[in-house]
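As a plain string of letters, each chain reads:
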Amino acid sequence: MRIKHREDIPNTLMRIPEEWKQLMLQLGEARHVYRTKPDEAFGQWNTLLLAFLQIFHQGERWMLPILLGMCKDLKSVCQDASQLEESARTLNRGFSICATDRYSSLSTSRKWGAYAMANLLFQSYFKLGSLHLCKNILKSLDSADLPGLSQYPMADQVTFQFYTGVLAFYDLDFVNAERKLGFTYKNLPKECKSHQTLTLHYLIPSRLVQAQVPSPAIYESDPALNEIYGPFVEAIQTGNVGLFDKQLETTRQTLILKGTWLTMEQVRALCVRSLFKIVYKIYDSTRIPFQAFEKALGMSTASSLEGVECLLVNLIDKGYIKGYLSHERQMAVLSAKDPFPELG
């Protein structure tokens, strides 16, 4: 619609649907409240978005930028957890309207906003600590007849893979977490340093727990990451359990804050495996008394024969060592062929 002359404006306004006129009036009021009474802005912007959703319910793809802009604006004026929860409920309505579009043709469908809206909801649920609600969104996406994720904008793909990768990490599905987070890291723009660092805080432990040692180049986006994970890698490669335990304690608060501390505790088994492999090479026998392992472990950390036996049971159970234990003889009987199989 092109307006050639000022006198055409009244006629043009007459052709604007009534619901859009009301929406523009609400927008003006919301902006006024935001400027003059910012503490009351949330209610105005939430009402505005709900009014837009009434129109958007019959709308098409061209309206998605308006929807996403209004959703981000609503999130930006949230001042506490209760407002964030209420905004998430409103965003969920927008997500449902996008995901369940059954009447528009695919080229004009609201479905193209489904993943962008899902990502906004993930962001809210993560901030609220309500990760269980993310699974409801994932179920809705799985049941909706949507185009493949690869057909969506790369920004939607990267953000979606990040959040679902972290969810997989928390579910101890490290293979899936590594795949998703690896995709995120590979496709993030180079200038997004903070996003790269955040992704690596989950990607590196996902790889370490699978016995995959990260390349030194991975720390280039943030050298501080090397200060956190470098000593862990060194400890694993040298079998220095004392160094590993010291670094685990040094980085405890950082790892707890990211939710990765328990995973790094699991990685400790790889460090113990490296030490026990050194003992095997020195002992040059497939029959090794627990005392030999205990003596080596005791050089860098507190140890006991009972503790060593538990560690050996764990390593054999994980497939890190091939063999069996003789409790009566206090001895590990290792496989004659490849007792320390390749990992990762």
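Keep in mind it's a predicted model, so treat the numbers as computed, not measured.

On to the overall build of the protein chain. If you tally the helices and strands in the protein chain, you get 16 helices and 3 strands. Computed over its C-alpha atoms, the radius of gyration of the protein chain comes to 28 Å, more than 25% above the 20 Å expected for a compact globule of 344 residues. Structurally, the protein chain occupies a C-alpha span of about 100 × 45 × 35 Å along its principal axes. Scored against the burial criterion, the 344 residues of the protein chain give a buried share of 45%. Contacts in the protein chain between residues at least 24 apart in sequence constitute 57% of all its contacts with a sequence separation of at least 6. With the model as given, the accessible surface of the protein chain reaches about 18900 Å², and the carbon-plus-sulfur share is 52%. The averaged location of the 35 negative side-chain charges in the protein chain is 5 Å from the averaged location of its 38 positive side-chain charges.

Before going further, it helps to spend a moment on the nonpolar core. Membership of the largest hydrophobic core comes to 98 residues, with the highest contact counts inside it found for Leu49, Phe52, Phe56, Leu67, Leu141, Tyr229 and Phe276. Apart from residues lying up to four places away in sequence, Tyr229 is in contact with His201, Ile204, Pro205, Leu208, Tyr219, Leu255, Thr260 and Met264.

Turning to the sheet that holds strand S3 (residues 331-334), a few remarks are in order. Spatially, 3 strands are ordered S1-S3-S2 in an open sheet, and the strand pairing comes out antiparallel. In this open sheet, the two edge strands, each paired with only one partner strand, are strand S1 (287-289) and strand S2 (323-326). The sheet shows a mean angle of 20° between the axes of neighbouring strands, direction not considered. Taken strand by strand, helix H15 (residues 290-298) contacts S1, S2 and S3, and its axis lies near 60° from that of S1.

Moving on to the packing of aromatic side chains. One pass over the structure, following the stated rule, counts 17 aromatic pairs. Among the aromatic residues, those joined into a ring-pair cluster are Trp112, Tyr115, Phe122, Phe126, Tyr152, Phe160, Phe162, Tyr163, Phe169, Tyr170, Phe174 and Tyr202. When the ring centre of Phe56 is taken as origin, the NZ or CZ atom of Arg110, which lies over that ring, is 5.8 Å away. Sitting above the plane of the Trp261 ring, Arg252 keeps its charged end 4.5 Å from the centroid.

A few words now on the pattern of salt bridges. Under the counting rule described, the total for this entry stands at 3 salt bridges. Of the charged contacts, one joins Arg110 and Asp101 as a salt bridge, the two residues approaching to 3.5 Å between their closest N and O atoms. Here Arg110 and Asp101 have matching classes, each one buried. Of the charged contacts in the structure, one is a salt bridge between Asp245 and Arg268, with a shortest N-O distance of 2.7 Å. Highlighted residues: Asp245 in helix H12 (residues 241-250) and Arg268 in helix H14 (residues 261-283), separated in sequence by 23 residues.

As a general feature of sheets, a regular strand has side chains that alternate between the two faces. Judged by which residues are buried, S3 turns out to be covered on both faces: Met331 and Val333 on one side and Ala332 and Leu334 on the other are all buried. With 3 bridges connecting them, S1 and S3 associate as antiparallel partners. From the neighbouring strand, Ile288 faces S3, where its bridge partner is Ala332. Where S2 lies against S3, 4 bridges are found, and the strand directions are antiparallel. Residue pairing for S3: Leu325 is matched across the bridge by Ala332. Two successive antiparallel strands, S2 and S3, enclose a turn made up of 4 residues, where Gln330 displays a positive phi of approximately 55°.

This next bit is on the environment of Thr263. Relative to the helices and strands, Thr263 resides in helix H14. Separated by 89 residues in sequence, Thr263 and Phe174 place their C-alpha atoms 9.7 Å apart. Not counting residues up to four positions away in its chain, the partners in contact with Thr263 are Phe169, Phe174, Pro205 and Val209.

It is at 9 Å that the axes of H12 and H14 come closest, and there the two elements cross at 170°. Judged by the inter-axis angle, H12 sits roughly antiparallel to H14. Between H12 and H14, the contacting residues are Val241, Phe244, Asp245 and Leu248 on the first element and Trp261, Met264, Glu265, Val267, Arg268, Cys271, Val272 and Leu275 on the second. When its residues are assigned to classes, the contact of H12 with H14 shows 9 nonpolar, no polar and 3 charged.

Within the chain, Ala211 stands out as a residue other than glycine whose phi angle is a positive 65°. In this structure, Asp284 takes a positive phi of about 55° despite not being glycine. Positionally, Asp284 belongs in the loop between H14 and S1. For Asp284, a relative accessible area of 67% puts it in the exposed group.

An α-helical segment advances 3.6 residues per turn. Residues three or four places apart therefore align on the same side. Between its terminal C-alpha atoms helix H4 (residues 64-76) stretches 18 Å, which fits the 18 Å expected from 13 residues at 1.5 Å a residue. Residues of H4 that are buried include every one of Leu64, Leu67, Met70, Cys71, Leu74 and Lys75, and no others. Considered in projection along H4, the buried side chains sweep an arc of 140° and stay on one side of the axis. Pointing more than 90 degrees away from the buried face of H4 are the exposed residues Pro65, Lys72 and Ser76. In this fold, the buried residues of H4 make contact with helix H3 (41-56), helix H5 (81-99) and helix H6 (114-128).

Cut-offs applied
Residues numbered from 1 in each chain as written. Predicted model: local features only at pLDDT ≥ 70, side-chain atom pairs only at ≥ 80, totals over all residues. Heavy atoms only, no water. Helix = DSSP H or I, 4+ residues; strand = E, 2+ residues; numbered from the N terminus. Rg over C-alpha atoms; globule rule 2.2 N^0.38 Å. Buried < 20%, exposed > 50% of the residue type's maximum accessible area, 1.4 Å probe, protein only. Contact = heavy atoms within 4.5 Å. Areas by Shrake-Rupley, 256 points an atom, 1.4 Å probe, with all protein chains shown as cover. Lys, Arg positive; Asp, Glu negative; His and termini not counted. Charge placed at Lys NZ, Arg CZ, Asp CG, Glu CD. Core = buried A, V, L, I, M, F, W, Y, C linked by side-chain atoms within 4.5 Å. Pairing = 2+ DSSP bridges. Axes fitted to C-alpha atoms, helices over the stretch in contact; angles between N-to-C directions. Phe/Tyr/Trp six-rings, centres within 6.5 Å; stacked < 30°, edge-to-face > 60°. Lys NZ or Arg CZ within 6 Å of the ring centre and 35° of its normal. Salt bridge = Lys/Arg side-chain N within 4 Å of Asp/Glu carboxyl O. Parallel < 35°, antiparallel > 145°, perpendicular 65-115°, else oblique. Nonpolar A, V, L, I, M, F, W, Y, C, P; charged D, E, K, R; others polar. Expected span 1.5 Å × (residues − 1). Arc of directions from axis to C-beta.

These results come straight from atomic positions and should not be treated as a statement about function.
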